[in-house]
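Fold and contact review
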Amino acid sequence: MALSIVERIKGFLFSPSETFDASKEDTLGDAFIYFVVILTVYAVLIAILAAVAFSLIGGMYGMFGAPGMPFGAAMGPLIAVAVFIGALIGGVICIFIGGAWLHIWVYLFGGRNGLVQTIKAVIYGSTPGLLLGWIPIINYIAAIWALIVGIIGIRQLQGLSIGKAVLVVILALVIPLIIIGALIAVFI
């Protein structure tokens with residue numbers, strides 16, 4: 001029996017292990033539709049926040065007669081559209097690049113259930129971050145919970161032990177950070 005989007009959201013937030021078990025047979029298309037829906041909600045929310053923030057800042061600059069803020073508060077809606085489009089395009093690109101990068105590590109540690117299962121784990125694991133990540137302070141908790149849900153997803157969908165799943169996710173996150181840090185150090 002296929003779960004509705006609301007049932008999936010509730011499941012990935014509160015009982016991810018059981019929800020991943022129920023989602024093993026989902027196609028990549030099913031997972032992608034789910035992802036686009038929650039990504040759209042996220043994009044709308046951060047676009048609204050960006051518009052409000054930019055309008056407030058632009059209005060304050062205009063109030064003090066400061067140069068450098070073209071159109072002042074009127075730029076808020078334009079910023080909102082740009083943030084919305086950027087979040088949608090960036091989210092879709094990142095989910096597939098991130099899933100492929102993670103799958104390299106999954107494969108090296110014995111996961112043989114295919115790239116689709118890894119991408120599904122990344123998609124479903126992003127649920128807490130996308131639904132709660134726009135709220136200041138809560139976004140840190142949401143990011144940690146998304147990381148945990150992603151680890152559970154790798155364990156459930158790839159059949160790895162919890163230790164290997166944790167190691168896979170940590171390596172997939174830490175290695176790019178080390179490379180970026182090294183590049184920054186070289187150029188500074």
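That block above? That's the structure.
This is a predicted model, so every value here is computed, not measured.

Of note, Ala 22 is situated in helix H2 (residues 16-22). A relative accessible area of 42% means that Ala 22 is categorised as partly exposed. The spacing of Ala 22 and Ala 82 is 60 residues in sequence and 36 Å in space, taken between C-alpha atoms.

It is the contact of helix H5 (residues 115-125) with helix H7 (residues 138-158), at a shortest axis distance of 8 Å, that shows an interaxial angle of 155 degrees. Accordingly, the angle class assigned to the pair H5 and H7 is roughly antiparallel. Here H5 runs over H7; the crossing is right-handed. Contact residues: Gln 117, Thr 118, Lys 120, Ala 121, Tyr 124 and Gly 125 in H5; Ala 146, Val 149, Gly 150, Gly 153, Ile 154, Leu 157 and Gln 158 in H7. Looking at the contact of H5 with H7 residue by residue, the classes come out as six nonpolar, six polar and one charged.

Rules used in this analysis
Residues numbered from 1 in each chain as written. Predicted model: local features only at pLDDT ≥ 70, side-chain atom pairs only at ≥ 80, totals over all residues. Heavy atoms only, no water. Helix = DSSP H or I, 4+ residues; strand = E, 2+ residues; numbered from the N terminus. Buried < 20%, exposed > 50% of the residue type's maximum accessible area, 1.4 Å probe, protein only. Axes fitted to C-alpha atoms, helices over the stretch in contact; angles between N-to-C directions. Parallel < 35°, antiparallel > 145°, perpendicular 65-115°, else oblique. Left-handed = near helix turned anticlockwise from the far one by under 90°. Contact = heavy atoms within 4.5 Å. Nonpolar A, V, L, I, M, F, W, Y, C, P; charged D, E, K, R; others polar.

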